[in-house]
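Here are the chains, one letter per residue:
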Amino acid sequence: MKTWNSRRDFLKASSVALLSGVAAPVLIPRSALADDVRPGANERIGVAGIGVGRRGSEIFAEAARNPKAQAICVADVWAPRAEQVAKKNNCDAWYQDYRKVLDRKDVDAITTATPEHWRGLVCINACLAKKHVYGEKPITLTISEGQLMEKAARQNNVVFQTGSQQRSQRENYLGCEFIRNGGLGKIKEVVAANYESPWLCDLPAQSIPEGLDWETWCGPTPVVPYNIDLFTPRAKPGWLSFRPYSGGEMTGWGTHGFDQIQCALGMDLTGPVEIMVEEGASKLIPPVYSEAEDAKRGNEICSKPRLAYRYPNGIVVRLDNANRGGGIFIGEKGKMEIFRGRLTSNPEDMAREVLKGERQNQGHVDNWLSCILSGEKPISDIAIGRRSAAICHLLNIARYLGRSLKWDPEKEIFPDDVEANSFLAREPRKGYELPKV
């Protein structure tokens, strides 16, 4: 395993390569340029990737290509993957322990797309190390994690972008703005997709791939046997379908959809006051997958009971037949659907008029990097992203309990409901506790 543990080691190796006629990148240390949290106007932002799997490698590569940034290093529990991504993006080092990334003075910012059970530790510790954060959605595994993330970001002047990239898409932006400004008149109802909650995993043990630190992958969760259909995000079925690693498709797709609903209704910094479970419902009893199987059976079981939620202004959001990742808004003047870079309406000419508005697509990563340089808040700031994720968690909790729940969006508690409040945080495995903020 080839790891450069210092810039001095790398520059020494680079000079040898140059003498041999092999081109090697030479980076200017950030530590030699500025000591402030925000880089100077003429400096490039030193960026590292933590958790560089399927989505994480894409986000990090996008940051690495940006002229505002300089790729420094990556970390991933699977050494071959870390090495491959580091090489592809001309990094000077790679690690299996993400804390080594946070120790580097030339790293100003990190992108991260670890599994959800690791998201809190990485993001909060990055903020405490004064590294700016681009965190893939869903940004949290629990509601309490989100509160700590926001607090850590604010205390350390960190620019924290949540990966709800639909906010940077032109069609979504214009549609949400139109609805928020009253274009549909009074909103009568909103329809979301009926996202599935997670189920349980008891997959058999398989041989751990060479170079994979499986104990660390398990992290805050109990150590269980390795299985490819747990380690992979979406497989048969993959960790994204399993508690305690994820909130299921409720968080996987749901954070996209509920984020758009929050944005269009002007509810970015608040949330619902009631989660409503269909009458006569009982607690969700999730299946246990003990062998490789696609998600169909689990999704069918874990899409019940049916749910809705209500905002303080009386608007009800019903989980039903909308496209995943968006929402259908029904108002006095018509109906509009927003999802994944598409905007449609009834009457049809309404959407056509909205799309004439002046707004260009902006890369979500580019928005984050620009805000690091300017000190402004990004378009999907942590305060926004964690509230969108919280709706998903509230809906899952109602399904687990099989009953309707009252929620205080200001205090962020279930009033006088000890059982429901017990779901706001999770007890981590010893040695993986969240830091105090």
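In what follows, the structure referred to is the one given above.
Let me sum up the structure you'll find in this document.

Rules of the game
- Residues numbered from 1 in each chain as written.
- Predicted model: local features only at pLDDT ≥ 70, side-chain atom pairs only at ≥ 80, totals over all residues.
- Heavy atoms only, no water.
- Helix = DSSP H or I, 4+ residues; strand = E, 2+ residues; numbered from the N terminus.
- Rg over C-alpha atoms; globule rule 2.2 N^0.38 Å.
- Buried < 20%, exposed > 50% of the residue type's maximum accessible area, 1.4 Å probe, protein only.
- Areas by Shrake-Rupley, 256 points an atom, 1.4 Å probe, with all protein chains shown as cover.
- Lys, Arg positive; Asp, Glu negative; His and termini not counted.
- Charge placed at Lys NZ, Arg CZ, Asp CG, Glu CD.
- Pairing = 2+ DSSP bridges.
- Expected span 1.5 Å × (residues − 1).
- Phe/Tyr/Trp six-rings, centres within 6.5 Å; stacked < 30°, edge-to-face > 60°.
- Lys NZ or Arg CZ within 6 Å of the ring centre and 35° of its normal.
- Disulfide = S-S within 2.5 Å.
- Polar contact = N/O pair within 3.5 Å; in protein donor to acceptor, adjacent residues only side chain to side chain.
- Axes fitted to C-alpha atoms, helices over the stretch in contact; angles between N-to-C directions.
- Contact = heavy atoms within 4.5 Å.
- Salt bridge = Lys/Arg side-chain N within 4 Å of Asp/Glu carboxyl O.

Looking only at helices and strands, one finds 16 helices and 16 strands in the protein chain. For 437 residues, the compact-globule estimate of 2.2 N^0.38 gives 22 Å, and the protein chain sits close to it at 22 Å. Taking the principal axes of the C-alpha coordinates as reference, the protein chain spans close to 75 × 55 × 35 Å. When the 437 residues of the protein chain are sorted by exposure, 57% land in the buried category. Entry remark: accessible area of the protein chain is about 18900 Å², with carbon and sulfur atoms responsible for 50%. Counting 58 positive and 54 negative side-chain charges, the protein chain places the centres of these two groups 2 Å from one another.

Another point: unusual backbone geometry. Cis geometry marks the peptide bond from Lys-236 to Pro-237; its omega dihedral reads 0°. Take Pro-237: it is sitting in the loop between helix H9 (228-231) and helix H10 (249-252). A positive phi angle, near 65°, is found at Lys-130, a position not held by glycine. Counting through the fold element by element, Lys-130 comes out in the loop between helix H5 (116-128) and strand S5 (132-135). Despite not being glycine, Asp-416 shows a phi value in the positive range, around 55°.

With that settled, the discussion passes to the pairing of strand S7 (residues 187-193). Burial of S7 is extensive: 5 of the 7 residues sit out of reach of the surface. Judged from the 4 bridges that link them, S7 and strand S13 (residues 326-331) form a sheet pairing that is antiparallel. In the strand pairing of S13, Ile-187 is matched with Gly-331.

Now for helix H15 (residues 382-401). Between its first and last C-alpha atoms H15 spans 28 Å; for 20 residues at 1.5 Å apiece the expected length is 28 Å, and the two agree. For H15, the buried fraction is high: 20 of the 20 residues fall into the buried class. Two residues or fewer after H15 comes Gly-402, characterised by a positive phi angle close to 70°.

Let's shift gears to the packing of aromatic side chains. Counted by the stated rule, this structure contains 17 aromatic pairs. Centroid distance Trp-214 to Trp-217: 4.6 Å. Interplanar angle 5°. Geometry classified as stacked. You can see Trp-214 and its partner Trp-217 sitting in helix H8 (residues 214-218), 3 residues apart, about one turn around the helix. Here Trp-214 falls in the buried class, since its relative accessible area comes to 5%. Exposure remark for Trp-217: the relative accessible area of 4% places this residue in the buried category. Ring pairing ties together the aromatic residues Trp-78, Trp-214, Trp-217, Tyr-226, Phe-231 and Tyr-245, which thus form one cluster. Sitting over the face of the ring of Tyr-400, Arg-243 holds its NZ or CZ atom 4.1 Å from the ring centroid. Above the face of the Tyr-173 ring, Arg-359 is positioned so that its terminal group lies 3.6 Å from the ring centre.

With that out of the way, let us pick up the state of the cysteines. Applying the stated rule across the entire model yields 0 disulfides. We note that Cys-91 lacks a disulfide partner, and the nearest cysteine sulfur, in Cys-73, lies 6.7 Å from it.

The subject of this paragraph is the side chain of Thr-140. Looking at where Thr-140 falls in the secondary structure, it is placed in the loop between S5 and helix H6 (143-155). A polar atom in the side chain of Thr-140 sits 3.3 Å from the backbone oxygen of Thr-142.

Let us look at the sheet that holds strand S1 (residues 45-50). Spatially, S3-S2-S1-S4-S5-S6 is the arrangement adopted by the 6 strands of the open sheet, whose pairing is parallel. Only two strands of the sheet have a single partner each, and these edge strands are strand S3 (93-95) and strand S6 (160-162). In this sheet, adjacent strand axes meet at a mean angle of 20° when their direction is disregarded. Bridge count between S1 and strand S4 (residues 109-112): 4 bridges; the pairing is parallel. Note that in S4 the partner of Ile-50 across the bridge is Thr-112.

Hydrogen bonds between backbone groups are what pair the strands of a sheet, and the pairing can be parallel or antiparallel. Strand order in this open sheet of 8 strands is S15-S14-S13-S7-S12-S11-S9-S16, and the pairing throughout is mixed. A strand with exactly one partner marks an edge of an open sheet, and here the two such strands are strand S15 (342-346) and strand S16 (405-406). Sheet topology note: the S7/strand S12 (residues 316-320) ladder contains 4 bridges and is parallel. The partner of Val-191 across the bridge, within S12, is Arg-318. Across the sheet, helix H11 (residues 254-264) is in contact with S7, strand S11 (307-310), S12, S13 and strand S14 (334-339); its angle to S13 comes to roughly 35°.

Attention shifts here to the pattern of salt bridges. A complete count under the given rule lists 28 salt bridges for this structure. Of the charged contacts, one joins Lys-283 and Glu-419 as a salt bridge, the two residues approaching to 3.9 Å between their closest N and O atoms. Of the two residues, Lys-283 sits in the loop between strand S9 (274-277) and strand S10 (288-289) while Glu-419 sits in helix H16 (residues 418-421), which places them 136 residues apart along the sequence. For Lys-283, a relative accessible area of 48% corresponds to the partly exposed category. A residue is classified by how much of its surface remains accessible, and Glu-419, at 37% relative accessible area, is partly exposed. One salt bridge in this structure joins Glu-419 and Arg-403, with 3.0 Å as the shortest N-O distance. Residue Glu-419 is found in helix H16, and its partner Arg-403 is found in the loop between H15 and S16; the two are separated by 16 residues along the sequence. Salt bridges sharing common partners tie together Glu-150, Arg-386, Arg-387 and Glu-412.

Read these as layout, nothing more, since geometry by itself doesn't imply function.
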